[in-house]
Amino acid sequence: MNTEKDFTPLTPNIVRALNDKLYEKRKVAALEIEKLVREFVAQNNSAQIRHIIQILATEFALSQHPHSRKGGLIGLAACSIALGKDSGLYLKELIDPVLTCFNDSDSRLRYYACEALYNIVKVARGAVLPHFNVLFDGLSKLAADPDPNVKSGSELLDRLLKDIVTESNKFDLVAFVPLLRERIYSNNQYARQFIISWIHVLESVPDINLLDYLPEILDGLFQILGDSSKEIRRMCEVVLGEFLKEIKKNSSSVNFAEMANILVIHCQVSDESKSTNDLIQLTAMTWMREFIQLAGRVVLPYSSGILTAVLPCLSYDDRKKSTKEVASACNHSLMKLVTPEDDEDDEDTQTKSSPPSDEAPAKKEGDLNDSLNESQELVGFSNISFFTPTTYAPKNTDKISDRSAVTLDLDGIVQVLDRHLHDSSTGMMTRIAVLKWLYHLYIKTPCKMFKHTDSLFPMLLKTLSDESDEVILKDLEVLAEIASSPAGQTDTSGSCDNSDAKSELHIPGGIRDGHQMVIESKMADLSPSTPSMNSYFYKFMINLLKRFSTERKLLEMRGVFIIRQLCLLLNAENIFHSMADILLKEEDLKFASIMVQTLNTILLTSAELFQLRNQLKDLHTQESCALFCCLYRSWCHNPVATVSLCFLTQNYRHAYDLIQKFGNLEVTVDFLMEVDKLVQLIESPIFTYLRLQLLDVEHNPYLIKALYGLLMLLPQSRAFQLLSHRLSCVPNPELMRTIEEPKAPVKDKRTAQPPIDYSDLLQHFDRVQSKHLEVRHQRAGRSEHPDRKLMV
C-alpha cells in the first residue's frame, strides 16, 4: 500500500498499524479509530465518519494486501462500536466490504471478516434486519466453509442473528422467502443444516407466520429429508412435524391445494430406493393422510396422482408396514370423498356454484408447478407421476367448505386404475384395492362410469384368470354391478343417457343362428318371474363363456367358483337362462358339452342354487316350465346331464325315454364316468325326495325303469353295485298297499303341469346328438389315435 497517500483524518501511525502483520498492532490502530470516530459522533460530523468508513473499505478491506484487508476489517468493526446506536445509519457501508471478504481464499481473513461482522451486528441489533438477506446469503456460504475456525465463527454470528430475529417484530418474511426457496435446494450438508435451523427458528416465532409460505419450501424440505446425515434428517423431521401440528391447529387458513402435488411427488419412490427415500415416502404419505382428512374434497382434483402414489404401497410387505398402513388410510379416506353428487354433469355443478373470478391463484399454481418440475430435474425424479389438477381450489381458504366447486377427476382416476390392472407386476393387495375403487365408482357415479365400461371390460374379464381368489371375488363384484346397474340400460327409458354405452362388446362368432342377435330382446325374454338385468348382462355372459371356451384351464380350475359367486351376486335364474340360450347356438360342441356338464353339476350341488332347484322341482307355473325347456335344449349337448335335469324336475317318464335312446349313442369311458357321477348324486341329499318316491312304486314306475336303465348301462363297477343295492330296497307294491286302499292307477306327472311338448324335446335331443356324433366321427377320421371308446 502507498503510505504516502493522504488518508486524512486517519493519522500515519494508524495507517501504518493497520497494515502491520501483527494482530496486536492492528488492534491498537482499531482503538485509535474508535476514539477518533467517537469524537466525530460527538461533533455530529457524519461527513468525516463516512469518509473514514470509505477509506477503511476501499483502501484496506478491499486491498490486494492481506494484512491491509485484516486491518480494514478490524477498523470497520471499531467504527461500528464507536457509532453505537447510530451505526444503523452507516450499515450498508460497513457490511458490504466485510461480506466481500467472506469469499477470500485466506481462511484467516474469512475468520476476521466473520469476527468483524459479529461486532457490527452486535452493536446494530435490530437495525441490521433490512440487510438480513445479504447477511443470510453470506452466512449460508460460511456454514459450508472447510475451515473449522471459520465455521465456528459463523456459528456465533448465526446465533446472534437468530436472537435478533426472534426478539424483533420487524422481520421482512416476504422479502426473505425467495432467498430461502433458492437456498433450500443446496446439496451441501452444512448448508442444509443451516437452512433447517433457520426454518425451525422462524417457525417458532409467534409473530412470523411461515405457514403461509410453506408451499414454496415444502418440496425443498422433503429433499433435505433424504440427506445421508442422520442428524440433518432428524432436524428436518422435527421441522416437518411442527409444521404438521400447525396445519392441524389452523386448517382453515391452509392452502392444501398448492401442496397436494408436492406430496404426490414425494409419496412415490423407485423400486431401488434407499432407506432415506423410504422415510420421505412415509412422511409424505402421513401428510397426505392428514390433508385428505382435513381438506376433504379439496384434494379430489388430485385424486389420480394420489392413487398413483398410494396404490403400489398397499402391496408392501412387513418391512414397510408403517407406509402400507398409512397408504391404506389414505386410500380409504379418499374413497369416502366420492359421493353421488360427483355423478352430476359438470355444467350442472357449475350452475350451482360459479367458479371464482380471481385468476391470480391459478397463475400462482402454474408458477408452483414450474418450480416443482425444476426440482424434479434436480433430484432425478424422472419416473415420478405428476398431475395437474382439473379444478384449482382458490387460495381463500374460507371457500374450502364450498365443496360443489370441486370436480372429481374421474377420467384420470379410471386411467390410473386401468393402468394398474394391466401391469402384471401389480401386487395382489393393490389389484384388490383397484377393483374396490372401480366397484365404488360404479356405485357412486354410475352414469359417468358407464362411459368407460367398454374400455375396462376386457381387462376385467381377463382378471378372472388371476391367481388370487380374493381378486376374482372383487372382480366379479365389479362385473356384477356393471351387469345389474340401471345406469347400464342403453334404451332411452333408462335412468342415464349413456349413448357411449351402446357400443357393443365383442360377441363370439359361434353365437348366431342365421340372424342378427338382439341382446336387449334376449334379456327381455329371460324369464317373466325374475327382474331383467341391463343391456350389459347378456354381453357379459357371452364374453364369459367365450373366455371359458378359449381358456379351458380357467373353466377347469375356476369355472365352478366363478359361476357360483355370480349366482350370489346376480339372479341365478337369469344366469342359467342366458348361458343356456347362448350354449344352444354354440358351434364348438365339445365345449358346449363340457360347459353343460359344469353348469349341471353346479345346479345339482351348490347351496347357492337351492331356490332355483326348488323352482324346477315342481313345474306348476308357466315360468318354471319355460326355464326347464330353455335349460333342456342346451342340456341336450350332454345326455347324462339331460337325464339328471329330468330327475331334478321329476320328469321320470321323459328320463326313461331318453335312457332308451342311449343305446343308439357311442358309449365312451367319459360317458360312463358321467353316469357313475350321476349315481353318486342320486345317493346324495339333493335327491332325497327321489329316493323316497321309490316307496310309492305304483305312482313312480318310470322312475324305477329309468334307474334300471342306468343300471343296465353301467359295467360291473362300484356305481353298479351301489345302484343295484338301492333298487333291491324298492318294496313290493302289494306289501305297501293298506287294506282299505284300492289299487291306484298309474299317474303321469305331466298331467299336473302346464303343457310341455315332450315329443319335440325328444326330437331336439336326437338332432343335437346327431351333430355330436358327426363331429366325433370327423375328429376320429383326422386323428390316428381316436378317443377311447367302449362300443355297446
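Residues numbered from 1 in each chain as written. Predicted model: local features only at pLDDT ≥ 70, side-chain atom pairs only at ≥ 80, totals over all residues. Heavy atoms only, no water.

Visitor: It is not clear to me how the overall build of the chain should be interpreted in this structure. Could you clarify?
Guide: When helices and strands are tallied, the chain shows 38 helices and 0 strands. Counting every position in the chain, which comprises 792 residues, the buried fraction comes to 52%. In the chain, of all internal contacts separated by at least 6 residues, the share reaching a separation of at least 24 is 75%. Counting every atom, the chain has about 36,700 Å² of accessible surface; 50% of that belongs to carbon and sulfur. (Helix = DSSP H or I, 4+ residues; strand = E, 2+ residues; numbered from the N terminus. Buried < 20%, exposed > 50% of the residue type's maximum accessible area, 1.4 Å probe, protein only. Contact = heavy atoms within 4.5 Å. Areas by Shrake-Rupley, 256 points an atom, 1.4 Å probe, with all protein chains shown as cover.)

Visitor: Looking at this model, I keep getting lost on the confidence of the model for the chain. Mind explaining?
Guide: Parts of the model with low pLDDT should not have their predicted coordinates read in detail. Summary statistics for the chain give a mean pLDDT of 83 and a share of 81% for residues scoring 70 or more. Every residue in residues 491-495 is under pLDDT 50, and counting partners more than four places away or in other chains gives 3 contacts. (pLDDT = per-residue confidence, 0-100.)

Visitor: Whenever I open this one, the pattern of salt bridges confuses me. Can you help?
Guide: Pairing of side chains with opposite charge becomes possible as their charged atoms draw close. Enumeration over the complete set of coordinates arrives at 30 salt bridges. A salt bridge links E216 to R181; the nearest nitrogen and oxygen atoms lie 2.0 Å apart. Separated by 35 residues along the polypeptide, E216 in helix α11 (residues 214-225) and R181 in helix α9 (residues 173-183) bring together distant segments of the chain. Note that R547 is salt-bridged to E551, the shortest N-O span being 3.3 Å. (Salt bridge = Lys/Arg side-chain N within 4 Å of Asp/Glu carboxyl O.)

Visitor: Would you mind showing me how to read the layout of surface pockets here?
Guide: Remark: the empty space left among the atoms is shown by a probe the size of a water molecule rolled over them. Empty space within the second largest pocket amounts to approximately 870 Å³. In terms of lining, the second largest pocket is formed by 30 residues, of which the most central are S593, I594, Q597, D670 and E674. A per-element tally of the lining of the second largest pocket places helix α28 (residues 589-605) first, with 7 residues. Considered class by class, the residues forming the lining of the second largest pocket number 10 nonpolar, 9 polar and 11 charged. (1 Å grid on protein atoms, 1.4 Å probe; cavity = no way out; pocket = protein on both sides within 12 Å on 5 of 7 lines; lining within 4 Å. Points joined across faces, edges and corners; volume = space filled by probe spheres on them. Nonpolar A, V, L, I, M, F, W, Y, C, P; charged D, E, K, R; others polar.)

Visitor: Where do I start with the nonpolar core in this structure?
Guide: Within soluble globular proteins, side chains that are nonpolar tend to cluster in buried spots. Core analysis: the biggest nonpolar cluster contains 247 residues, and L10, L221 and F647 have the highest contact counts within it. Each residue touching L10, except ones within four places of it in the same chain, is listed here: V15, I33, L36, I52, I55, L56 and F60. (Core = buried A, V, L, I, M, F, W, Y, C linked by side-chain atoms within 4.5 Å.)

Visitor: Can you help me understand the side chain of S80 in this one?
Guide: Looking at where S80 falls in the secondary structure, it is placed in helix α4 (residues 66-83). Among the residues examined, S80 registers a relative accessible area of 0% and is labelled buried.

Visitor: Could you clarify how one ought to interpret the packing of aromatic side chains in this entry?
Guide: The description of two aromatic rings rests on the distance between their centres and on the angle between their planes. Under the counting rule described, the total for this entry stands at 23 aromatic pairs. Centre to centre, the rings of F136 and F176 are 4.8 Å apart; their planes meet at 80 degrees, and the pair counts as edge-to-face. With a gap of 40 residues between them, F136 in helix α7 (residues 132-142) and F176 in helix α9 connect regions that are remote in the sequence. Aromatic pair F662 and F671: ring centres 5.4 Å apart, planes at 80 degrees, arrangement edge-to-face. Neither residue differs from the other here; F662 and F671 are each classed as buried. Grouped by ring-pair contacts, the aromatic residues F132, F136, F171, F176, F194 and W198 constitute a single cluster. Residue placement shows R26 over the ring face of Y112; its charged tip is 5.7 Å from the ring centre. Directly above the aromatic system of Y536 lies the positively charged group of K539, at a separation of 4.6 Å from the ring centroid. (Phe/Tyr/Trp six-rings, centres within 6.5 Å; stacked < 30°, edge-to-face > 60°. Lys NZ or Arg CZ within 6 Å of the ring centre and 35° of its normal.)

Visitor: What am I meant to see in unusual backbone geometry here?
Guide: Among all residues except glycine, the phi angle is most often negative; among peptide bonds, the trans geometry is most common. Put simply, T8 and P9 share a cis peptide bond, and its omega is 15 degrees. Looking at where P9 falls in the secondary structure, it is placed in the segment before α1 (12-18). Positive phi is not limited to glycine here, since R125 has a value of about 55 degrees. Owing to a relative accessible area of 29%, R125 belongs among the partly exposed residues under this scheme.

Visitor: Is there a simple way to explain helix α29 (residues 610-617) in this structure?
Guide: Helical periodicity: at 3.6 residues per turn, an α-helix aligns residues three or four positions apart in one direction. What α29 keeps buried is the set L612, R613 and L616. Mapping the buried residues of α29 onto a view down its axis gives an arc of 100 degrees, with all of them on the same face. Counted as exposed and oriented over 90 degrees from the buried face of α29: F610 and Q611. Lining the buried residues of α29 we find α27 (572-583), α28, α30 (622-635) and α31 (639-648). (Arc of directions from axis to C-beta.)

Visitor: I'm lost on the packing of helix α8 (residues 148-167) against helix α10 (residues 189-204) in this one. Help?
Guide: Where α8 contacts α10, the two axes come as close as 11 Å, and the packing angle between them is 20 degrees. Between α8 and α10, the angle falls in the class roughly parallel. Here the hand of the crossing between α8 and α10 comes out right-handed. Residues K151, D158, L161, K162, V165 and T166 of α8 lie in contact with α10, whose contacting residues are Y190, F194, S197, W198, V201 and L202. Here the contact of α8 with α10 is composed, by residue class, of 7 nonpolar, 2 polar and 3 charged. (Axes fitted to C-alpha atoms, helices over the stretch in contact; angles between N-to-C directions. Parallel < 35°, antiparallel > 145°, perpendicular 65-115°, else oblique. Left-handed = near helix turned anticlockwise from the far one by under 90°.)

Visitor: Looking at this structure, how should I read α28?
Guide: The end-to-end C-alpha separation of α28 is 24 Å, in line with the 24 Å expected for 17 residues at 1.5 Å each. Taken across its 17 residues, α28 has 12 buried, putting it largely inside the fold. Along α28, the positions that sit buried rather than exposed are L589, F591, A592, S593, M595, V596, T598, L599, N600, I602, L603 and L604. (Expected span 1.5 Å × (residues − 1).)

Visitor: Help me understand the environment of I594 in this model?
Guide: Relative to the assigned elements, I594 resides in helix α28. Taking the C-alpha atoms as reference points, I594 and N638, 44 residues apart in sequence, are found 7.8 Å from one another. Those residues in contact with I594 that lie beyond four places of it in its chain are R552 and L555.

Visitor: Quick question: what am I supposed to make of the environment of N133 here?
Guide: Looking at the element boundaries, N133 is found in helix α7. The exposure class assigned to N133 is partly exposed, which follows from its relative accessible area of 26%. Remark: the alpha-carbon pair of N133 and V177, spanning 44 residues in sequence, is separated by 9.6 Å. Among residues more than four places away in sequence, those in contact with N133 are A175, F176 and L179.

Visitor: How should I be thinking about the packing of α30 against α31 in this particular structure?
Guide: Where α30 meets α31, the closest approach of the two axes is 9 Å, and the angle between their N-to-C directions is 160 degrees. Classified by the angle their axes make, α30 and α31 are roughly antiparallel. The interaxial crossing formed by α30 with α31 has left-handed handedness. Between α30 and α31, the contacting residues are F628, L631, Y632 and W635 on the first element and P639, A641, T642, L645 and C646 on the second. Here the contact of α30 with α31 is built from residues that sort into 8 nonpolar, 1 polar and no charged.

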